[in-house]
Amino acid sequence: MKEPLKKIPGIVLGCLLIGTATSADMVLTNAQIYTVDDSQPWAEAVAIENGRFEYVGNADGVRAFVDSDTVEYDLQGMFVLPGLVDSHTHPGLVARSVDYVELPWTPETKKEMFDALVAYADENPDKEFIVGGRWPTGLFGEEGPNRHELDAVLPDRPVILTDTSGHAQWLNTKALEVLGIDRNTPDPIPGLSYLYRDADGEPTGWIKERAISAQLAAAGIGDQVSADSLAGFLEYLSALGVTVVFDAGNSEEGYKAAAELDRDNRMPLRYEGSYRIEVEDQFSGAVQELKRLRKTYGGKRLRFNTIKIMFDGVSEIRTSAVLEPFLGEEDYRGRTVVDAPRLSNFILELHDEQIDLHLHTVGDAAIRTALDAVEIARAELGGQPDIRITFCHLEIIDEADFDRFKKLNIFSNFSPQWHGGHIQGAQLTLGQARYDRMFTVQPLLDRDVSVAFSSDITNAGKWRTDRASPYFGMQVGHTRLEPEFGVKATIRPPENERLSVEDMIRGYTLNGAAQLGLDNELGSIEVGKVADLVVLDRNLFEVLPSQIKSTRPTAVLMEGKLISGSLP
Ligand SMILES: [Zn+2]
């Protein structure tokens, strides 16, 4: 595939006289540098000039780049990685939820959850709407949660709570009333994005896949993102060593806040935005919308080059698209937002426009339909579409489809913080056997498919943002043990899916950059690339697996400049 060179704004190309030593601005020596460059995986010294690596190698070699103006740091054996890439997360959704109610993630009983809810309501008497989450889908049966259960604890104030998957909401009767939702309210996508109803057609208060987005927007709920709240999360990621983030779906308000940060030189990392498609009607205007976002908000560190499609839902609430029926169903298998021919037409349009595609694909049928669409587009073009096509989440991949990822040049993206079994509920809809073969990454790695890792964080809260740490993701991807389960944690099957530390690091660096078309510039420590790097307080190859998540940078460098921490 042709690699269109995408220049990173704000970087002046330094003089790259490879082979001719020129004095460097900065030299780091005596380090254990894991470069993620296959031709030279380890190095002990780097020289940085004009924001780029001028030399990567050993202590002797770097001397040629030192003169009286060069600042030299002895890293005393510290471990160094390239700057990290979080290639699928939701800074806007995190920012808007900073003052939402935070329910216990794994309550033993509903009472524990209701107590937290009532306490929050009492502490916030002025809040018109009580918004927040997350309630575990697994705590409810097939009929889901019911508005009357919430009415029993909070009858007079509207309550809107999101579930642990982020794909369902639970409203009390007051909220339905205030938002004007009743038996006559239409379902945006029957079978995918809809109001769950009782036998008489009355909404029960269980809402799937953003079916009431329009009503919430009209009431002004969920879109308040301030530049400061957005900066909080981005600075958190930046201090962890993340220098590139991909936003897999944000509101207009979220991008407005991002643009404000960028304009004011407060954007701490490179921010790749996207336009998100949720319903079929959006397909025809999506390219225009992406261009509008680019024109209105694009800037020095804020770019828009990707369209994201919510292609199916999630298995926990039976909205994913699966090859075999959901548990207990005759033949209900969920659905995708459009079929393969429609998606393939859209891929051709993106090919013409040079806009990348990011697809939310959870179920095996969604994955197969999307692969079919890429195949149809290839046949039409007589070759690979000249864009990057990424499938994310990839919870259940049918064995027969592994080979097609390589053949069709699909980029894959997983969020390993889920790989220890953190979200429960899919056992009840998929059955244990299917649940036990979720999140299979190794067959893709074995086939040399590009595998990137990401945090996919959608709401705030200390406990939650810690899950946004790439080191948390690396630990769970490597162990398949959920840290929040403590000593009760067991390895989430399949056991042979405990991925190597090398693969975890590559997925958070070079392969994340590749997904975003930035691997010519970023993602590894190589001569000529932009000098983003992170100095860590431990060597990820040497610590106990249970200590990986506590890793913290002692210094983060972006474009050769120290942006947080300190150098010895
Ligand atoms: Zn996401």
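Reading guide: rules and limits
- Residues numbered from 1 in each chain as written.
- Predicted model: local features only at pLDDT ≥ 70, side-chain atom pairs only at ≥ 80, totals over all residues.
- Heavy atoms only, no water.
- Donors = N, O, S within 2.8 Å, 3.2 Å for Na, K, Ca; no water.
- Helix = DSSP H or I, 4+ residues; strand = E, 2+ residues; numbered from the N terminus.
- Buried < 20%, exposed > 50% of the residue type's maximum accessible area, 1.4 Å probe, protein only.
- Phe/Tyr/Trp six-rings, centres within 6.5 Å; stacked < 30°, edge-to-face > 60°.
- Lys NZ or Arg CZ within 6 Å of the ring centre and 35° of its normal.
- Pairing = 2+ DSSP bridges.

### A short note on the coordination of the zinc ion
Thought 1: The coordination sphere of the zinc ion, as far as protein atoms go, consists of His 88 (NE2), His 90 (NE2) and Asp 456 (OD), spread over 2.1 to 2.2 Å.
Thought 2: Spacing between the donor residues of the zinc ion along the chain follows H-x1-H-x365-D. Residue His 88 is located in strand 8 (residues 84–89), and its partner Asp 456 is located in the loop between strand 21 (451–453) and helix 16 (462–465); the two are separated by 368 residues in the primary sequence.
Thought 3: Since its relative accessible area comes to 0%, His 88 is described here as buried.

### Some remarks on the packing of aromatic side chains
Thought 1: Inspection of the entire model under this criterion finds 17 aromatic pairs.
Thought 2: Pairing Phe 140 with Trp 170 gives two aromatic rings, centres 5.1 Å apart and planes at 75°, and the pair type is edge-to-face. One end of the pair, Phe 140, is in the loop between strand 10 (130–135) and helix 4 (147–153); the other, Trp 170, is in strand 12 (residues 168–171), with 30 residues separating them in the sequence. Neither residue differs from the other here; Phe 140 and Trp 170 are each classed as buried.
Thought 3: Three or more aromatic residues joined by ring pairs form one cluster here, namely Tyr 34, Trp 42, Phe 79 and Phe 541.
Thought 4: The lysine or arginine in question, Arg 492, covers the ring of Tyr 435, its NZ or CZ lying 4.1 Å from the ring centre.

### Regarding the pairing of strand 15 (residues 242–247)
Thought 1: Across the six residues of strand 15, six count as buried, placing the element largely inside the fold.
Thought 2: Where strand 8 lies against strand 15, four bridges are found, and the strand directions are parallel. Note on strand 15: the bridge partner recorded for Leu 84 is Val 242.
Thought 3: The pairing of strand 15 with strand 16 (residues 270–277) spans three bridges and is parallel. Paired with Phe 246 across the two strands is Glu 272, which belongs to strand 16.

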